[in-house]
Every structure is written in C-alpha cells, then in structure tokens.
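Each chain, written out:
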Amino acid sequence: MIGVRVVQKVSSTRGFGKVAPYLVPALDRAVHRLTRGKVLLSAQMLPGLVLTSTGARSQLPRRTPLACMPEDDGSGWILVGSNFGRTDHPAWTHNLLAHPDAEISWKGADIPVTARPLEGKERAVVWQRVLAFWPPYATYQARVKREIRLFRITRR
C-alpha cells in the first residue's frame, strides 16, 4: 500500500497538477456512479464528497468530486478551491459564490447544504488547519498568485 507521505509528495508535483484535474474527477465520477454514491477513489487518501452546485452562468446542475475536510464537531465541511495549483479558481467555486445553496453526496447520503466563503481572520485560522490536514495545499498556494478560496458548507 502506498503511504500518505508518498501520495502527498506526488500530489505536490507540477506533473500531477497537470494530469490530475482531468483524471481524478473522471475516475471519481465513474466509481461514485457505479457504487451508487458509496465510494470515491480519491477518498481513500482524503475524505471526499460529490458537490452538486448550480452553474453560475448555465444554471445547470454541476457535479464535482472534491476532497474535503470535515469539521471536528461534525457541523459541516471545509472545501478548498486549490484546483491542483493551477492558475485559475476552479469552476465550482464560482458556482458556489453565485448560488450558495447546493447538495453533497457524503458517504452515500444526499445532503442539502449552504456554502459560505471564508475570509479574513476566520479564513487564516481555517487555512492553518487545512495545511495541517493536507500539507500539499501550501505548495499549490505557492504556485499561484490568487488566494485559494475556502468554503465552509453546512447542512440546510
């Protein structure tokens, strides 16, 4: 079995950042569909969910498998818009800014949620927790000029 540190090291490389945005979500969507929402491949290393948001421009439902950081008290989840260290914000972050009400598939359950972007001191505190949770996020942030967006999602 591959260790967490090896995966963290590989996920911090530029090569991974170029390939992963295409490969990881496609594999996750396929496995999630085949297992009726019970399994995400990427969740074998990090907790994961599938976010269904409303497209900012299209108004259509958009399903995106994402790593997440569950809140310690079970009240919600933190989503990190790292986009694998690519220059632009991921589309799902634009969708949540335009339409904060969404749905997640979490461990086979569909849960209506509301997303709130984190800013200022609150974001700084959560960012430190995120870095302790998955250190490669620091590498992603160092690669880009934009501030990586963080969202807290809670049940509606």
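What counts and how
Residues numbered from 1 in each chain as written. Predicted model: local features only at pLDDT ≥ 70, side-chain atom pairs only at ≥ 80, totals over all residues. Heavy atoms only, no water. Core = buried A, V, L, I, M, F, W, Y, C linked by side-chain atoms within 4.5 Å. Buried < 20%, exposed > 50% of the residue type's maximum accessible area, 1.4 Å probe, protein only. Helix = DSSP H or I, 4+ residues; strand = E, 2+ residues; numbered from the N terminus. Expected span 1.5 Å × (residues − 1). Arc of directions from axis to C-beta. Contact = heavy atoms within 4.5 Å. Axes fitted to C-alpha atoms, helices over the stretch in contact; angles between N-to-C directions. Parallel < 35°, antiparallel > 145°, perpendicular 65-115°, else oblique.

Enquirer: Hey, could you go over the nonpolar core for me, with residue numbers and the actual values?
Expert: Counting 16 residues, the largest nonpolar core has Leu49, Leu51, Trp77, Leu79, Leu96, Ile104 and Ile153 as its most contacted members. When contributions to this core are tallied by element, the ones reaching two or more residues are strand E1 (48-54), strand E4 (76-81), helix H3 (91-98), strand E5 (101-106), strand E6 (109-117) and strand E7 (149-155). Formed by 15 residues, the second largest nonpolar core is a distinct cluster that contains Ile78, Leu118, Tyr137 and Leu150.

Enquirer: Break down helix H4 (residues 120-133) for me, citing the residues and quoting the values.
Expert: Helix length check: H4, at 14 residues, gives a terminal C-alpha distance of 20 Å against a target of 20 Å (1.5 Å per residue), a fit within 8%. Taken as a whole, H4 has its buried residues at Arg123, Val126, Trp127, Val130 and Leu131. Along the axis of H4, the buried positions cluster into a sector of 145 degrees, meaning they face one direction only. Exposed and oriented more than 90 degrees from the buried face of H4 are Lys121, Val125, Gln128 and Ala132. In this structure, the buried residues of H4 make contact with strand E3 (69-70), E4, helix H5 (136-143) and E7.

Enquirer: Provide a residue-level description of the packing of H4 against H5, including the pertinent values.
Expert: Across the interface, H4 lies against H5 with an axial gap of 8 Å and an inter-helix angle of 120 degrees. As summarised for this structure, H4 and H5 are arranged oblique, according to the angle between their axes. Judged by residue contacts, Arg123, Trp127, Val130 and Leu131 of H4 engage Tyr137, Ala138 and Gln141 from H5.

Read these as spatial facts, not as claims about activity.
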